[in-house]
Amino acid sequence: VMSYAAVIDKDEDTMVLERTPKGGIHFNWCCVLGNEGNGISSKVASSCDRRIRIEMTESVDSLSVGVAAGIIMHGLREREATT
């Protein structure tokens, strides 16, 4: 199972959901999301295989965890590899 940590970091090692091609997500995955105030700890994020974020406009710095979960899970599912 490939694990993805949902983060807001903009570093070069963090995948951007919208820039991930179809077939670019392992077909067997889980996604770890944190709370709206603190997100997930760096220890938890580093325990995951990859870090992923939602691309947002400059005027938006965060989303509610429910909205973010829906966007990320739908996006990951859309981009799953077929095998």
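Below or above, wherever it landed, is the structure these notes cover. (Residues numbered from 1 in each chain as written. Predicted model: local features only at pLDDT ≥ 70, side-chain atom pairs only at ≥ 80, totals over all residues. Heavy atoms only, no water.)

Next up on the list: the nonpolar core. Judged by nonpolar contacts, Tyr4, Ala6, Met15, Leu17, Ile25, Trp29, Cys31, Ile52, Ile54, Ala68, Ile72 and Leu76 together constitute the single largest core of 12 residues. Those elements that provide at least two residues to this core are β1 (2-6), β3 (29-32) and α2 (65-78). Take this core: its biggest share by element is three residues, from α2. Apart from the residues lying within four places of it in its own chain, the contact partners of Ile72 are Ala6, Leu17, Cys31 and Ile54. (Core = buried A, V, L, I, M, F, W, Y, C linked by side-chain atoms within 4.5 Å. Buried < 20%, exposed > 50% of the residue type's maximum accessible area, 1.4 Å probe, protein only. Helix = DSSP H or I, 4+ residues; strand = E, 2+ residues; numbered from the N terminus. Contact = heavy atoms within 4.5 Å.)

The next subject is the layout of surface pockets. Approximately 540 Å³ is the volume attributed to the largest pocket. Contributing to the lining of the largest pocket are 30 residues, with Ala6, Val7, Ile8, Gly39 and Ser62 lying nearest its centre. At the level of secondary structure, the elements contributing two or more residues to the lining of the largest pocket comprise α1 (42-47), β4 (50-53) and α2. Sort the elements by how many residues they give to the lining of the largest pocket and α2 lands first, with three residues. Partitioning the lining of the largest pocket into residue classes produces 13 nonpolar, 10 polar and seven charged. (1 Å grid on protein atoms, 1.4 Å probe; cavity = no way out; pocket = protein on both sides within 12 Å on 5 of 7 lines; lining within 4 Å. Points joined across faces, edges and corners; volume = space filled by probe spheres on them. Nonpolar A, V, L, I, M, F, W, Y, C, P; charged D, E, K, R; others polar.)

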